[in-house]
Amino acid sequence: MDKSMDQFKATLDEHHEWPCDYTFKFIVPGKSLAELKSMLEGIPHDEKDSKTGKYTSVTVTIHATCSDEIVNMYQKASTIEGLISL
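Residues numbered from 1 in each chain as written. Predicted model: local features only at pLDDT ≥ 70, side-chain atom pairs only at ≥ 80, totals over all residues. Heavy atoms only, no water.

Student: Quick question: what am I supposed to make of the pairing of strand β1 (residues 20-29) here?
Tutor: Regular strands have side chains that alternate between both faces of the sheet. Note: β1 against strand β3 (residues 55-64), ten bridges, orientation antiparallel. Following the sheet pairing, Y22 is matched in β3 by I62. Strand direction decides the pairing type here: β1 and strand β4 (residues 84-85), joined by two bridges, are antiparallel. Paired with I27 across the strands is I84, a residue of β4. (Pairing = 2+ DSSP bridges. Helix = DSSP H or I, 4+ residues; strand = E, 2+ residues; numbered from the N terminus.)

Student: Hey, could you run me through the side chain of S57 in this one?
Tutor: The residue S57 is located in strand β3 in this model. With sequence-adjacent residues up to four places away left out, S57 is seen in contact with K25, F26, I27, D46, E47 and K48. (Contact = heavy atoms within 4.5 Å.)

Student: What is the right way to read the pattern of salt bridges from this model?
Tutor: If charged atoms from side chains of opposite charge come close, those side chains can pair. What the rule picks out here adds up to four salt bridges. The salt bridge involving K31 is made with E81; its shortest N-O contact spans 3.4 Å. Of this pair, K31 sits in the loop between β1 and α2 (33-39) while E81 sits in the loop between α3 (67-77) and β4, and the two are 50 residues apart along the sequence. Exposure remark for E81: the relative accessible area of 53% places this residue in the exposed category. A salt bridge links K37 to E47; the shortest N-O distance between them is 3.4 Å. Of this pair, K37 sits in helix α2 while E47 sits in strand β2 (residues 45-49), and the two are ten residues apart along the sequence. Look at the salt bridges and you will find they share partners, linking K9, D13 and D68 into a network. (Salt bridge = Lys/Arg side-chain N within 4 Å of Asp/Glu carboxyl O. Buried < 20%, exposed > 50% of the residue type's maximum accessible area, 1.4 Å probe, protein only.)

So, in structure tokens, the structure goes:
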């Protein structure tokens, strides 16, 4: 894990009491939506298309037991072309 992820993990641990619900928001281009949905298989999520239909906003809330679960989700998502994490 790189230094920025270590800092992010430390911040998560500082501001959250585990286990807790954690919400992710991703913006993904239409061409990469299937890849994100594959990553989220079995995890409930909401989708909303942009006005032009070029992008989809995906909101996911999970019940995380530790900050490692959050970091792992962001690391997996970061491999998807064009994805923006909010």
